Amino acid sequence: MNIGVIVTIAGPAHTESDGVKGSPRKRIEKAKATSQLLMGSPAASCDVLGQSIMDRVVARLRSFGAQRISIISEGKLAACTATSANASLYRAGSTPGFWPAWDSVVSDYLTQGIETLLLVRLGPYVELDLLDLLRFHGETASPLTQVYKGQTALDLVVVDAAPLRNGTGSYRSRLSALIPQRQRYAFTGYANRLTEPADFRRLVQDAFSGRCGGIRPVGREVRPRIWYGENARVDRSATIVAPAFIGAETCVEASCTISGASSVERQCEVDCGTSVDDCCVFPGTYLGMGLNVTHALVKGSRLFHLNRNIEMEISDSRLIGATSPSRQLGRRARSVLGANGTFGSSLVTRSSQLASLLTTRRFGRSS
């Protein structure tokens with residue numbers, strides 16, 4: 001498939017005063033711009049049931065035969081996950097700037113003889129049939145096709161390379177000149193705009209229910225609709241209610257309850273006696289002892305309560321915070337002793353409870 005893909009990682013909301021006047025980001029029809037940051041990070045970089053949205057989209061594009069995929073960030077993106085970094089050209093949007101990076105990628109693609117460009121902005125999560133979109137684009141006389149969900153324009157555009165190669169001015173100005181000839185592709189599949197925390201929570205729920213078929217849990221199904229990632233450790237006294245996801249190297253301690261279609265992502269720890277209901281717990285998060293965490297997104301020390309629509313910063317790391325290196329080492333040591341997703345013996349279970357009590361009640365957790 002002689003197609004070049006540019007995946008843009010959406011950043012903070014843009015106004016008409018920031019960015020380039022007349023740029024295709026402004027002139028390609030789209031909904032009112034909103035921030036695509038989720039608790040301080042781009043939504044596309046967040047894990048959903050064991051894998052980031054960005055990695056899932058890249059994998060889906062590759063499954064349709066796309067081989068040349070470049071990733072550009074509109075803002076700062078601290079890290080790129082392993083799958084995307086190995087599979088794609090990664091360029092930070094802040095240096096040398098988003099549009100110079102975008103123009104550079106387009107120039108590289110045209111030099112390589114690319115015939116068609118697919119422009120994807122994440123942002124929204126869309127399960128698109130790329131082959132059907134390309135078929136539709138090929139059957140029209142338009143050099144540019146934009147995907148629509150009902151009357152809403154999505155940030156998915158197919159454009160012929162020839163007019164970009166033969167035009168004058170910057171590549172973004174050449175793209176803007178093609179917009180009046182745009183054709184609309186009517187999309188009827190799954191889409192989630194991911195503009196609010198509740199949208200992210202709904203994405204996880206839809207994945208559990210099978211409404212979005214492109215997201216499957218990364219791990220083994222230990223019981224019907226309960227998945228554990230690699231080296232996940234769950235105490236035998238914990239209660240896990242389906243559907244649920246426990247991420248890789250995550251530890252669920254004694255007498256905990258995970259329910260309400262909750263996901264606890266990789267390298268987390270849920271300490272003794274805590275219940276997690278209707279929640280998304282982001283990677284590297286520690287939940288302290290005896291808590292009742294419900295209807296929330298939790299990322300390190302930040303908690304967003306979905307019912308109250310409010311975000312809080314928890315200053316006491318004994319309650320909620322990032323997992324510390326010492327706790328991560330402890331989890332890895334226990335994983336050597338355990339098997340089949342549970343601690344190996346009652347002695348190990350009692351030891352882990354004691355360590356947790358001492359760390360939380362007496363000494364506090366190191367940051």
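Because the structure is predicted, anything quoted here is derived from the model rather than measured.

Comments concerning the overall build of the chain
When you go through the chain residue by residue, the secondary structure sums to 10 helices and 28 strands. Across the 367 residues that make up the chain, the buried fraction comes to 51%. In the chain, 55% of the contacts between residues at least 6 apart in sequence involve partners at least 24 apart. Per element, the accessible surface of the chain, about 15800 Å² overall, is 51% carbon and sulfur.

Concerning the environment of Leu122
In this fold, Leu122 is placed in strand 8 (residues 116-122). Separated by 49 residues in the primary sequence, Leu122 and Ser73 place their C-alpha atoms 9.5 Å from one another. Contact partners of Leu122, with chain neighbours within four places excluded, come to Val7, Thr8, Ile9, Ala10, Ala44, Met54 and Val57.

With respect to the nonpolar core
What tends to happen in soluble globular proteins is that the nonpolar side chains get buried as a cluster. Judged by nonpolar contacts, the single largest core of 51 residues is most densely connected at Val7, Leu61, Leu118, Phe200, Leu203 and Leu297. Mapped onto this core, the elements with two or more residues apiece are strand 1 (3-9), helix 2 (53-63), strand 6 (68-73), strand 8, strand 9 (125-126), helix 5 (130-139), strand 11 (152-160) and helix 8 (197-209). Residues contacting Leu297, with those up to four places away along its chain left out, are Leu38, Met39, Pro197, Phe200, Arg201, Cys280, Phe282, Arg302, Leu303, Phe304 and Leu306. Core analysis: the second largest hydrophobic core is formed by 24 residues, Val270, Val276, Val281 and Val298 among them.

A short note on helix 5
Within the span of helix 5, buried status applies to Leu130, Leu133 and His137. Each buried residue of helix 5 sits inside an arc of 60° when the element is viewed along its axis, so together they form one side. Residues of helix 5 that are exposed and point over 90 degrees away from its buried face: Gly138 and Glu139. Contacts made by the buried residues of helix 5 are with helix 2, strand 8, strand 10 (144-149), strand 11 and strand 12 (183-186).

Re the environment of Arg60
Structurally, Arg60 is set in helix 2. By relative accessible area, which is 27% here, Arg60 ends up partly exposed.

Some thoughts on the sheet that holds strand 16 (residues 233-234)
Read from one edge of the open sheet, five strands run 16-19-22-24-28, paired in mixed fashion. Whereas interior strands pair on both sides, the edge strands pair on one side only; in this sheet they are strand 16 and strand 28 (320-322). Here two bridges tie strand 19 (residues 251-252) to strand 22 (residues 269-270), and the two strands are oriented parallel to one another. Bridging from a neighbouring strand, Cys251 pairs with Glu269 of strand 22.

Some words on the pairing of strand 23 (residues 275-281)
Here strand 23 lies mainly inside the structure; five of its seven residues are buried. Here two bridges tie strand 21 (residues 263-264) to strand 23, and the two strands are oriented parallel to one another. Paired with Val264 across the two strands is Val281, which belongs to strand 23. In terms of strand pairing, strand 23 meets strand 25 (residues 292-299) through six bridges, oriented parallel.

Focus on helix 8
In a regular helix each residue adds 1.5 Å, so 13 residues correspond to 18 Å; helix 8 covers 19 Å between its end C-alpha atoms and thus fits that length. Those residues of helix 8 not exposed but buried are Pro197, Asp199, Phe200, Arg201, Leu203, Val204, Asp206, Ala207 and Phe208. Where helix 8 terminates, the next one or two residues include Gly210, which has phi positive at roughly 85°.

As for the state of the cysteines
With the rule as written, the count across this model stands at zero disulfides. Just so you know, Cys46 is unpaired, no disulfide at all, and the nearest cysteine sulfur is the one on Cys280, 9.9 Å from it. Exposure remark for Cys46: the relative accessible area of 5% places this residue in the buried category.

As for the packing of aromatic side chains
Applying the stated rule across the entire model yields six aromatic pairs. Relative to Tyr185, the ring of Phe136 lies with its centre 5.4 Å away and its plane at 65°, an arrangement referred to as edge-to-face. Of this pair, Phe136 sits in helix 5 while Tyr185 is found in strand 12, placing the two residues 49 residues apart along the sequence. According to the relative accessible area criterion, Tyr185 is buried, its value standing at 7%. Centroid distance Phe208 to Trp227: 6.1 Å. Interplanar angle 25°. Geometry classified as stacked. Of this pair, Phe208 sits in helix 8 while Trp227 is found in strand 15 (residues 226-228), placing the two residues 19 residues apart along the sequence. Note on accessibility: Phe208 and Trp227 belong to one class, buried. Taken together, the ring pairs in this structure connect Phe98, Trp99 and Trp102 into an aromatic cluster.

Side note on the confidence of the model for the chain
Any region with low pLDDT has predicted coordinates that should not be read closely. Within the chain, residue pLDDT values average 83, and 76% of them lie at 70 or more. Overall, residues 14-34 carries pLDDT values under 50, and its contacts beyond four positions in sequence, including any with other chains, amount to 45 contacts.

Regarding the pattern of salt bridges
One pass over the structure, following the stated rule, counts 11 salt bridges. A salt bridge links Asp103 to Arg172, with the shortest nitrogen-to-oxygen separation between them at 3.8 Å. A residue pair is termed long-range when its members are at least 10 positions apart, and Asp103 in helix 4 (residues 98-111) and Arg172 in helix 7 (residues 171-178) qualify at 69 residues. Residues Asp103 and Arg172 agree in their burial class; the two are buried. Across the pair Arg211 and Asp206 runs a salt bridge whose closest N-O atoms are separated by 2.8 Å. What makes Arg211 exposed here is its relative accessible area of 54%.

Parameters and conventions
- Residue positions are counted from 1 within each chain, in the order its sequence is given.
- Since the coordinates come from a predicted model, pLDDT governs what is reported: local features require at least 70, and pairs of side-chain atoms require 80 or more to be given and counted, while whole-chain, interface and lining totals use all residues.
- Derived side-chain values reflect all non-hydrogen atoms in the structure, with water molecules and hydrogen atoms excluded from consideration.
- Labels follow the DSSP assignment, with helices taken as runs of H or I lasting at least four residues and strands as runs of E lasting at least two, numbered in each case from the N terminus.
- For each residue, the accessible area found with a 1.4 Å probe, counting protein chains only, is set against the maximum for its type, and the residue is called buried under 20%, exposed over 50%, and partly exposed in between.
- Contacts were defined at the residue level, with two residues in contact if any of their heavy atoms lie within 4.5 Å.
- Areas reported as accessible are Shrake-Rupley estimates using a 1.4 Å probe. Residue values count occlusion only from the protein chains shown.
- Residue types Ala, Val, Leu, Ile, Met, Phe, Trp, Tyr and Cys, when buried and joined through side-chain atoms within 4.5 Å, form a set referred to as a nonpolar core.
- The arc under discussion is defined with respect to the helix axis, by the directions toward the C-beta atoms.
- If DSSP finds at least two bridges between two strands, the strands pair.
- In a helix, the anticipated span is given by 1.5 Å times the number of residues less one.
- Any pair of cysteine sulfurs within 2.5 Å is marked as a disulfide.
- The aromatic pairing rule takes the rings of Phe, Tyr and Trp, using the six-membered ring of Trp, and pairs them if the centres are within 6.5 Å, calling planes under 30 degrees apart stacked, those over 60 edge-to-face and the rest tilted.
- On a range of 0 to 100, pLDDT expresses the predictor's confidence in each residue.
- Here a salt bridge means any side-chain nitrogen of Lys or Arg lying within 4 Å of a carboxyl oxygen belonging to Asp or Glu.

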